[in-house]
Structure formats: structure tokens, C-alpha cells
Amino acid sequence: MADNNHSHFQHLYFVLTGIPGLELKYYWMAFPLGAIYVIALFGNGVIISTIKSEPSLHIPMYYFLCMLALADTGLALCTMPSMLGIFWFNYKSIAFDACLAQMYFIHTFSAIESGVLVAMAFDRVVAIWKPLRYGTILTSGVVCRTGAVILTRAICVVLPVPFLIKRLPFYRSNILSHSFCLHQDVMSLACASTRVNSLYGLIAVIFTKGSDSLSILLSYAFILRTVMAIASGEGRLKALNTCVSHICAVLIFYVPLIGVSVIHRFGKHLSPLTHALMANAYLLIPPVLNPIVYTMKTKEIRRKLIQIFFPAKGTAEG
């Protein structure tokens, strides 16, 4: 009888959680958090504008980098309203539908980034395996179609997730574990069987990040085999050096992702602080560190930054 009464009630909003145990320090954490978002948005914006304005960067490798920067920008923008709302204004409520929308875009941009990393791995395979045919294999049309496939896959795979959540009743707790809405977190509050949601979530992860990580691993196995066949040690080092930035980007994305997955599955005994920090790292680290890595490795992007901060010096060097 109680269940029947509850079935007519549905929470209209969720309550987000910042960092447990550090509520009194939110005021001081607000400024570093704001700086992190400024770095992420500014850094990725510089990468996009530099690739757009520099003819020498109009090659597949940098087109894929531009896609990565766009995905990182989208990921940062997804979490920024709720994160800054909590730490700047102590505003923790998020409407039910807004939570589903945020959840959808977070997982979509994450799937896009994973797909772009696969495309970048294939780009490195072609550049090292068939350097003389690089431009004829990875044409502008191939790059555009690859981007369209990555985008379509992410949209279609994640699209059922909010609808599967929408059908579930929520009438007990409405307090989430993180500063943003993630599928597993929202699903854990449902007051009905989530077997379908769990099964589809597993299939989606295997189809996107599971297959992507395997593809990247196989790509680098092939790259290593190709590099080992190069006669000179200097040639091997030069070939591997072209992969350093991408390897860093892969580690920056997948290490926090694996950490979050392991903690969700096996770390239920860990403190809420650990769960919150790992989830924040998973979504904040890639948009911040990727621009730094690629700025260090790309002189055109470094020159663009110098022109922004030191106009006179940038003009003299140009």
C-alpha cells in the first residue's frame, strides 16, 4: 500500500554533493576551481583557433587534435554550471530533467573523446607505416567522415540512457554522490529494478571505451613492430617521438576513467571523499592537461600563446 502511494510521487530535483568533509573550505576552493575552468576553456580555445588560422597545421593530425579540443571544451562546459554553482554559490539543487540532460552530454562528450583518441592512434599508424602515402590515405574527406562517424556513434549510443532513467521511479533519497550527474550515480537512487539500465550501460561502455581502448592498444603494438623494423636508432626515436603527445592524451583520459570504474565496482568501502575526488579528476583532468601537453609539443601553438600574452615579442619572433 505504501509503495502504491509512493508510485504517484517523483522527485522534481536532485541534490548534488561537492567534496564531502570540506564544506567549510568551499569558499577557498572556488578560486582554484574557477582557474581550472579558465585554463581548460582558454587552452582548448587557443588550440582550435591556432589550427584554424595556421595553414601549416591543416593536416589530419591537427584536424583530429581540433576535434579533441572541441570534445574537451564540451566536457568542461557540461560540468562547469553545477560545479561552480556548488563551490561559488552553495547552490546544490538540479532539476530532474536538467540532470538527465547534463548526464547525457557528459557521457556523449566522453564517448566522442574516446573515439577521437582512436582516430589519432590510426593517424599515427599511417604516418609511421606509410609516411609517403599519408596525405593520400588520410584525405580531408576521410577525416570528415571519421569525425562524423565518431559523433554519430556517441550520440546514438548514449541517447537511450536518459530515457531508460526517465522511466524509473525516484521517491526515496535524491542526494547524488558527485557535483554533477553521472549514469551510475543517478541509477543507484532508483526505487525499482535497474537491470535493463545496468545491462545497457555495460553494452555501451564495451562498444565505446572498451573497443576504443583495445583499438588503441593494437595500434601501438603495430606501431612498435613497425618502428623496430627501422634500421637506425635515430629514426626509431624520431618515429616514437611523434607519438608522445598522443600517448600522454590516452593516459590522461583512460587512467582516471579506469580509476573511477574500479572504485565504483570494488571501492564501496572507501570514503565518499575518495569517490568525489576520482570523479572530479576523471572529468577535469583531460580538458586541463591535454592543451598543456600539445602546447609543449607544438611550436605554432606556443607562438600563438606568446602573441596573446606578449604581442610585441610574438610579432618580433614571427
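As annotated in an unreviewed UniProt entry, the chain is Olfactory receptor 51H1-like from Odocoileus virginianus. Note on the chain: under the UniProt heading Subcellular location (unreviewed entry), the record states "Membrane".

Trainee: How should I be thinking about the overall build of the chain in this particular structure?
Mentor: Along the chain, the regular secondary structure elements total 14 helices and two strands. A globule of 318 residues ought to have a C-alpha radius of gyration of about 20 Å, and the chain, at 22 Å, matches this closely. Residue burial in the chain is summarised as follows: out of 318 residues, 45% are buried. Taking as baseline every contact in the chain between residues at least 6 positions apart, the subset at least 24 positions apart corresponds to 79%. Accessible area for the chain stands at about 16,500 Å²; split by element, carbon and sulfur atoms hold 71% of it. Of the side chains in the chain, 24 bear a positive and 12 a negative charge, and the two mean positions are spaced by 6 Å.

Trainee: What's the story with the pattern of salt bridges in this structure? I'm lost.
Mentor: If charged atoms from side chains of opposite charge come close, those side chains can pair. Summed over all chains, the structure comprises four salt bridges. Among the salt bridges present, the one from aspartate 123 reaches arginine 124, with a minimum N-O distance of 2.7 Å. With respect to burial, aspartate 123 and arginine 124 carry one shared label: buried.

Trainee: Just to check I follow, could you spell out unusual backbone geometry for this structure?
Mentor: The phi torsion of most residues other than glycine is negative, and most of the peptide bonds are trans. Although it is not a glycine, asparagine 90 adopts a positive phi angle of roughly 55°. With respect to the helices and strands, the residue asparagine 90 is situated in the loop between α3 (60-89) and β2 (93-95).

Trainee: How should the state of the cysteines be read in this particular structure?
Mentor: What the rule picks out here adds up to one disulfide. Cysteine 99 shares a disulfide with cysteine 181; S-S distance 2.0 Å. One disulfide, between cysteine 99 and cysteine 181, carries an S-S torsion of -125° and so falls in the left-handed class. Here cysteine 99 is found in helix α4 (residues 96-129), whereas its partner cysteine 181 is found in the loop between α7 (160-166) and α8 (183-187), with 82 residues between them in sequence. Looking at the unpaired cysteine 144, the closest cysteine sulfur is the one in cysteine 66, lying at 11 Å.

Trainee: Looking at this structure, I do not really get the environment of isoleucine 308. What am I missing?
Mentor: Mapped onto the secondary structure, isoleucine 308 falls in helix α13 (residues 299-309). Overall, isoleucine 308 belongs to the partly exposed group, its relative accessible area being 37%. Each C-alpha atom, one on isoleucine 308 and one on valine 46, is 9.4 Å from the other, the two residues being 262 residues apart in sequence. Beyond its immediate stretch of four places on either side in the chain, isoleucine 308 contacts Phe42 and Val46.

Trainee: What should I look at first to understand the layout of surface pockets in this one?
Mentor: If a probe as big as a water molecule is rolled over the atoms, it shows which places are left empty. Within this model, the largest pocket holds a volume of roughly 1,300 Å³. In terms of lining, the largest pocket is formed by 37 residues, of which the most central are Gln184, Val205, Val260, Ser261 and His264. When residues of the lining of the largest pocket are assigned to their parent elements, the largest contribution, nine residues, is made by helix α11 (residues 244-266). Partitioning the lining of the largest pocket into residue classes produces 19 nonpolar, 14 polar and four charged. Taken as a whole, the second largest pocket encloses approximately 260 Å³ of empty space. For the second largest pocket, the lining is made up of 14 residues, of which Tyr63, Cys66, Met67, Leu70 and Gly147 are closest to its centre. Listing elements by their share of the lining of the second largest pocket, those giving two or more residues are α3, α4 and α6 (140-158). No other element matches the six residues that α6 contributes to the lining of the second largest pocket. Grouping the amino acids of the lining of the second largest pocket by side-chain chemistry returns twelve nonpolar, two polar and no charged.

Trainee: It is not clear to me how the UniProt feature "transmembrane region" (unreviewed entry) in the chain should be interpreted in this structure. Could you clarify?
Mentor: As recorded in UniProt, the feature "transmembrane region" (unreviewed entry) lies at residues 26-49, 61-91, 103-122, 142-165, 213-231, 243-263 and 275-294. Taken end to end, residues 103-122 has its terminal C-alpha atoms 29 Å apart, with 100% of it in helix and 0% in strand. Across residues 142-165 one finds 96% helix and 0% strand; the C-alpha atoms that close the span lie 36 Å apart.

Trainee: When you look at empty space enclosed by the protein in this model, what are you seeing that I'm missing?
Mentor: One pass over the full model with this rule turns up one cavity of 30 Å³ or more. Looking at the largest cavity, its volume works out to about 80 Å³. For the largest cavity, the full set of lining residues is Met61, Phe64, Met120, Asp123, Arg124, Thr242, Ser245, His246 and Tyr294. Per-element accounting of the lining of the largest cavity gives the leading share, three residues, to α4. Considering only residue class, the lining of the largest cavity consists of four nonpolar, three polar and two charged.

Trainee: I tried to follow the side chain of serine 245 on my own but got confused; where do I start?
Mentor: Here serine 245 lies in helix α11. Beyond its immediate sequence surroundings of up to four residues, serine 245 is in contact with Val293, Tyr294 and Lys297.

Trainee: What is the right way to read helix α9 (residues 195-228) from this model?
Mentor: Helical geometry: 3.6 residues make up each α-helical turn, so side chains three or four residues apart lie on a common side. Helix length check: α9 (34 residues) gives 47 Å between terminal C-alpha atoms against 50 Å at 1.5 Å per residue, within 8%. Isoleucine 206 marks the point of greatest bend in α9, at about 35°. Of the positions making up α9, those classed as buried are Asn197, Gly201, Ala204, Thr208, Lys209, Asp212, Ile216, Ser219, Tyr220, Ile223, Thr226 and Val227.

Trainee: Sorry if this is basic, but what is going on with the side chain of arginine 124 here?
Mentor: Counting through the fold element by element, arginine 124 comes out in helix α4. The buried category is assigned to arginine 124, whose relative accessible area is 7%.

About the cut-offs
Residues numbered from 1 in each chain as written. Predicted model: local features only at pLDDT ≥ 70, side-chain atom pairs only at ≥ 80, totals over all residues. Heavy atoms only, no water. UniProt positions renumbered as here; feature names shortened; annotations may be inferred. Helix = DSSP H or I, 4+ residues; strand = E, 2+ residues; numbered from the N terminus. Rg over C-alpha atoms; globule rule 2.2 N^0.38 Å. Buried < 20%, exposed > 50% of the residue type's maximum accessible area, 1.4 Å probe, protein only. Contact = heavy atoms within 4.5 Å. Areas by Shrake-Rupley, 256 points an atom, 1.4 Å probe, with all protein chains shown as cover. Lys, Arg positive; Asp, Glu negative; His and termini not counted. Charge placed at Lys NZ, Arg CZ, Asp CG, Glu CD. Salt bridge = Lys/Arg side-chain N within 4 Å of Asp/Glu carboxyl O. Disulfide = S-S within 2.5 Å. 1 Å grid on protein atoms, 1.4 Å probe; cavity = no way out; pocket = protein on both sides within 12 Å on 5 of 7 lines; lining within 4 Å. Points joined across faces, edges and corners; volume = space filled by probe spheres on them. Nonpolar A, V, L, I, M, F, W, Y, C, P; charged D, E, K, R; others polar. Expected span 1.5 Å × (residues − 1). Bend = angle between axes of the 7 residues up to and from the residue.

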